[in-house]
Each structure stands twice: as structure tokens, then as C-alpha cells.
Amino acid sequence: MNSINPLSSHLRDSRIPQYCTSHFINEEHSNKHSRLPHIHDNFLELFYVYSGKGRYMVDSQFYDIQEGDIIICNAGILHGENPADTRHVRSYSIGISNVALLGLPDNCLCDEETTPVISCGMLSEHIGSIFRLIHLLSSDEKNLGETCNCLSQSLLLLTYEMLLSRSRNLSIRARTTASATADRIRRYLDVHYREPLT
């Protein structure tokens, strides 16, 4: 199964993540449901900004968010919208349980040091379509629950791969900066090595 399912190469104990819930959050939803900061003990939540911009709190820290961003809300972490911004952001959220990624606590997609906001960039429109599709299909969970499961697992894997890619790019950028500095020092020394020290 590992050769067929790329997600399984990242999982502990062959546990397969499970779709739990989906919501479309707009002005109407915000008027009906209080969106105070909250915690989910048994699942992680992926929050996708479909349109608008605002601020979102994860683990007592506010982050600027905008259309095309995914916010990762690990299980057990306080998170929520800034109440002043709830009418300016339209979003989808998806809850996923039974997540057991290598090196991370249960139902966590990133560690505490990782910024939980990811810009989807050129993939934004497509990722937004997957969130919307899961939400639409969830209205018939009895017949389409397994499809919601598979799509949620795909989103989980894609989000995790974007995190890994961001981490690799930061590492390369840091090495490149250090290398560039070392090259400038070496060039300076090569040119000025015979000059007297003052």
C-alpha cells in the first residue's frame, strides 16, 4: 500500500485520516453561529480563505490572512476568527481526525514553531474548489462520505507537502545567504590580503 498511497509514507501505525466535518463560513453563518476562539480536542481543522482578508488567531497569535490562504489549526490549539473580521472573510473549514504524522502529536499537521498560515499561490483556485466540493458532497455524507474522506486526505497531503516545500525553500535561502556572504568575504580578502592592517 505504501507504493500506491503517498500519504501512508508520512503516517504512523498505518492510521488513515478520516473526514469529520465541513462548514462554509460567510456573513449568514457568522450571524447564526458565534465564532469565538475554540479548541478541537479530537481533530485538526484546515481553514481556507475563499475570499476577503482579515486576521485569524492560532495559539494566541494573530496572523494576517487573505484569499488563497490555508490556516492549520492543530487539535488542542486555541484558534478562531477576529470577531471584527468575520464579515469580511468567506471561508471553508474541514475537520480531519485520526491524523498520525511521523514526528508530530496526534491530529497535528505542523509543530509549534511552524507558521500555521500557508499561501496557496498559483494553486489557490484549485484548492478552493476542493474545499468547496467537499462541503457540497458532505450534504449527502451517507452516500458520499468515502469521497469526502478521500478528498480530505488529498487536501491533508497537499497541505503537508506545501509545508515541507516551504521548509526546504527556507533552508535553501538560508544556505544561499550564508554562501553569498562567505563569497563576498573571500573576494574581499583575495583583493586586499596584501594591504597593511590599520
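Residues numbered from 1 in each chain as written. Predicted model: local features only at pLDDT ≥ 70, side-chain atom pairs only at ≥ 80, totals over all residues. Heavy atoms only, no water.

Caption draft 1: Expanded view of the packing of aromatic side chains. For the coordinates displayed, the defined rule picks out 4 aromatic pairs. Centroid distance Tyr50 to Tyr92: 5.4 Å. Interplanar angle 85°. Geometry classified as edge-to-face. In this pair, Tyr50 is assigned in strand 2 (residues 44-58) and Tyr92 in strand 6 (residues 89-97), connecting sequence segments 42 residues apart. Each residue in the set Phe24, Tyr50 and Tyr92 is aromatic and connected to the rest through ring pairs, giving one cluster. (Phe/Tyr/Trp six-rings, centres within 6.5 Å; stacked < 30°, edge-to-face > 60°. Helix = DSSP H or I, 4+ residues; strand = E, 2+ residues; numbered from the N terminus.)

Caption draft 2: Spatial organisation of the environment of Pro37. Within the secondary structure, Pro37 sits in the loop between helix 1 (27-32) and strand 2. Sequence spacing of Pro37 and Asp59 is 22 residues, and the spatial spacing of their C-alpha atoms is 9.7 Å.

Caption draft 3: View of the side chain of Ser152. Within the secondary structure layout, Ser152 lies in helix 3 (residues 141-192). A polar contact is formed between the side chain of Ser152 and the backbone oxygen of Cys148, at a distance of 2.8 Å. If sequence neighbours within four positions are ignored, Ser152 has contacts with Tyr19, Ile94, Ile96 and Ile134. (Polar contact = N/O pair within 3.5 Å; in protein donor to acceptor, adjacent residues only side chain to side chain. Contact = heavy atoms within 4.5 Å.)

Caption draft 4: Structural detail: the side chain of Asn149. You can see Asn149 is positioned in helix 3. Discounting residues that sit within four places of it in the chain, Asn149 has contacts with Pro17, Gln18 and Tyr19.

Caption draft 5: Broad picture of the pattern of salt bridges. In the structure shown here, the tally under the stated rule is 3 salt bridges. Residue Asp106 pairs with Arg15 through a salt bridge whose shortest N-O separation is 3.3 Å. Placement of the pair is Asp106 in the loop between strand 6 and strand 7 (117-119) and Arg15 in the segment before strand 1 (18-25), with a sequence separation of 91 residues. In this structure, a network of salt bridges that share partners links the residues Arg12, Arg15 and Asp106. (Salt bridge = Lys/Arg side-chain N within 4 Å of Asp/Glu carboxyl O.)

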